[in-house]
Amino acid sequence: VIEDVNIRKISDSRGNPTLEVDILTTTGHGRVAAPSGASTGELEVASFPEEGVDHVITEFGNKIVSELIGLDASEGIYIDQILKEMDGTENLSSLGGNTIVAISLAAAKAASSSHGLPLYRFLGGNMVEEIPYPLGNMINGGAHAGKNAPDIQEFLVVPVGADNITDAIFANSKVHKRIGELIKVKDKSFTGGKGDEGGWAPNLSNYDALEIQAQACEDVSNELDFIIRPSLDLAPSGLWDNGKEVYVYGREGVERNTGEQIDFVKEIIETYKMFFVEDPLHEKDFAGFAELTRKIGRKCLICGDDIFVTNRNILEEGIRMGAANSIIIKPNQIGTLSDTYETVKLAKSNNYVPVVSHRSGETTDETIAHLAVAFSCPLIKTGALGGERIAKLNELIRIEEQMLCPSMARLNK
Ligand code: PGA
Ligand code: ZN
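About the thresholds
Residues numbered from 1 in each chain as written. Chains lettered and ligands numbered in written order. Predicted model: local features only at pLDDT ≥ 70, side-chain atom pairs only at ≥ 80, totals over all residues. Heavy atoms only, no water. Near = heavy atom within 4 Å. Polar contact = N/O pair within 3.5 Å; in protein donor to acceptor, adjacent residues only side chain to side chain. Areas by Shrake-Rupley, 256 points an atom, 1.4 Å probe, with all protein chains shown as cover. Donors = N, O, S within 2.8 Å, 3.2 Å for Na, K, Ca; no water. Helix = DSSP H or I, 4+ residues; strand = E, 2+ residues; numbered from the N terminus. Buried < 20%, exposed > 50% of the residue type's maximum accessible area, 1.4 Å probe, protein only. Axes fitted to C-alpha atoms, helices over the stretch in contact; angles between N-to-C directions. Parallel < 35°, antiparallel > 145°, perpendicular 65-115°, else oblique. Left-handed = near helix turned anticlockwise from the far one by under 90°. Contact = heavy atoms within 4.5 Å. Nonpolar A, V, L, I, M, F, W, Y, C, P; charged D, E, K, R; others polar. Salt bridge = Lys/Arg side-chain N within 4 Å of Asp/Glu carboxyl O. UniProt positions renumbered as here; feature names shortened; annotations may be inferred. Pairing = 2+ DSSP bridges. Arc of directions from axis to C-beta.

## What to know about the site of ligand 1
No. 1: Ligand 1 sits among 15 residues. The nearest are Ala-38, His-144, Arg-359, Ser-360 and Lys-381.
No. 2: Note that an oxygen atom of ligand 1 is positioned 3.1 Å from one of the side-chain N or O atoms of Asp-305.
No. 3: Interatomic distance of 3.1 Å between a side-chain N/O atom of Lys-330 and an oxygen atom of ligand 1.
No. 4: In the complex, the protein chains occlude 100% of the 280 Å² of accessible area that ligand 1 would expose alone.

Now the structure itself:
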């Protein structure tokens, strides 16, 4: 039974305000903080009301607390319903999706702690056995870096040949270091700057960045003797000029229409043997997504982030059109744990690989590591470096340790 709720303003990794929620039950405690995006999808729920974080606390703080006290924290679906009713808007713009998601997840955490279970076990039951592979962010461009960085937002790698999460995490850090060295060779004036998600933010063209990414994967794969594959998030909604109907690659001084964009991405996938490509087209182009997915087949994961925004109904439309074969799962895009889970279920039953993901503005909250394990996601996207990124990665190391040695689960709860 929920006995107390505390909502406070804290800072995210960009120094912007966000919310953290503590929920105390008779025998448990859950704490969760919400992240924020920079290249957000248009149809995501609103993070906060227009008036901001302070307004949530002063206007709604007492009301939220009084509505929640006395409820059973393990009745997640009911709690989510109450929160959505209290908000009363379609896009959660009154309380804010971040407020609601932090409460929704904190309630689940409090319930898991009352049951003496880690969150991944409480949500996933005894079925969970897999630790997701980490998609590590190596080079940042687009909305996550400065003007001369590549137009492509994220150059990622996945250590698909690693045997365990610790080896996987350190493989990613090795690739990150190697990429830093290769950038310095290419650009003597590089001062080591990084973007919002901890990847390097270099003055490089898209193709130079792709070459360096491939070289570093090869070098570290040879050194560690297992395969590391490159991946991308193009996040091209920010490049799309709706009037001219072209993608504007400012860094290259090139414009591509939809057909050219599809050819460009297809060629990159084939040349560099990409493992995963997120948002190859802008978020409204279901037909373009479907054409690329048809051409690529299962050779590469074609993943939708801004296009699906973790929304079950939008994913349904995507499935109908054959738009992708993978989906990014960001709980604060949809606002509640139960809605997040509905989207994961729909994805899995249609062979769409769910990939739980961080946001560019993060906190040291580690909840998404538990969600990825609970949902049996084969991949998690949570950066490679930076305290707010390694918080999730190090939690995966702890979870793997618990799974190999179940008695640890009791010690660590
Ligand atoms: P965001 O970007 O968190 O800034 O929205 C991350 C992504 O596009 O995957
Ligand atoms: Zn994305």
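Once you've had a look at it, read on.
## Some details on the coordination of the zinc ion (ligand 2)
No. 1: On the protein side, the zinc ion (ligand 2) has Asp-233 (OD), Glu-278 (OE) and Asp-305 (OD) as donor atoms, found 2.0 to 2.2 Å from it.
No. 2: Mapped onto the sequence, the donors of the zinc ion (ligand 2) take the spacing D-x44-E-x26-D. Here the residue Asp-233 occupies a position in strand S6 (residues 229–233), and Glu-278 occupies one in strand S10 (residues 276–278), the gap between them amounting to 45 residues.
No. 3: Given the relative accessible area of 1%, Asp-233 is considered buried.

## Some remarks on the packing of helix H5 (residues 165–186) against helix H13 (residues 387–404)
Between two packed helices, what matters for the description is the angle formed by their axes and the separation of those axes.
No. 1: Where H5 contacts H13, the axes come no closer than 9 Å and their chain directions differ by 160°. The pairing of H5 with H13 is recorded here as roughly antiparallel in orientation. The way H5 lies across H13 gives a crossing that is left-handed. Note on element contacts: H13 touches H5 through Leu-393, Leu-396, Ile-397 and Glu-400, opposite Ile-165, Thr-166 and Ile-169.
No. 2: Per-class residue counts for the contact of H5 with H13 are five nonpolar, one polar and one charged.

## Thoughts on the pattern of salt bridges
No. 1: If you walk through the whole model with that rule in mind, you get 31 salt bridges.
No. 2: Across the salt bridge formed by Asp-22 and Arg-8, the nearest N and O atoms sit 2.5 Å from each other. You can see Asp-22 sitting in strand S2 (residues 17–25) and its partner Arg-8 sitting in strand S1 (residues 2–11), a full 14 residues away along the chain.
No. 3: Between Asp-339 and Lys-84 there is a salt bridge, and its shortest N-O distance comes to 2.6 Å. With Asp-339 in helix H11 (residues 337–349) and Lys-84 in helix H2 (residues 76–87), this residue pair connects regions lying 255 residues apart in the sequence.
No. 4: When its relative accessible area of 21% is taken as the criterion, Asp-339 is described as partly exposed.
No. 5: Where salt bridges share partners, they join Arg-8, Glu-20, Asp-22 and Arg-31 into one cluster.

## What to know about the UniProt feature "binding site: (2R)-2-phosphoglycerate" (unreviewed entry) in the chain
No. 1: The feature "binding site: (2R)-2-phosphoglycerate" (unreviewed entry), as given by UniProt, occupies Gln-153, Lys-330, Arg-359, Ser-360 and Lys-381 in the numbering adopted here.
No. 2: In this structure, Gln-153 sits in the loop between strand S4 (133–140) and strand S5 (154–158).
No. 3: What makes Gln-153 buried here is its relative accessible area of 3%.
No. 4: Among all residues touching Gln-153, those that are not within four sequence positions of it are Ser-39, Ile-139, Asn-140, Gly-141, Gly-142, Ala-143, His-144, Asp-233, Leu-234 and Ala-235.
No. 5: Assignment of secondary structure puts Ser-360 in the loop between strand S13 (353–357) and helix H12 (367–374).
No. 6: Discounting chain neighbours no more than four positions away, the residues touching Ser-360 are Ser-13, Arg-14, Ser-36, Gly-37, Ala-38, His-144, Asp-196, Glu-197 and Arg-389.
No. 7: Of note is the side chain of Ser-360, whose polar atom sits 2.9 Å from the side chain of Arg-14.

## Some remarks on the pairing of S4
No. 1: In terms of residue burial, S4 counts as a mostly covered element, since seven of its eight residues are buried.
No. 2: Two elements, S4 and S5, share four bridges in a ladder whose sense is antiparallel. Counterpart to Asn-140 in the pairing with S5 is Glu-154.

## Notes on helix H9 (residues 312–321)
One turn of an α-helix holds 3.6 residues; hence residues three or four places apart share an orientation.
No. 1: Listing the buried residues of H9 in full gives Ile-314, Leu-315 and Gly-318. Around the axis of H9, the buried residues are gathered within 100° of arc, so they sit on the same side. Looking at H9, the residues exposed on the side facing more than 90 degrees away from the buried face are Asn-313 and Arg-320.
No. 2: Capping of H9 at its N-terminal end is provided by Asn-311; its side-chain oxygen lies 2.9 Å from the backbone amide nitrogen of Asn-313.

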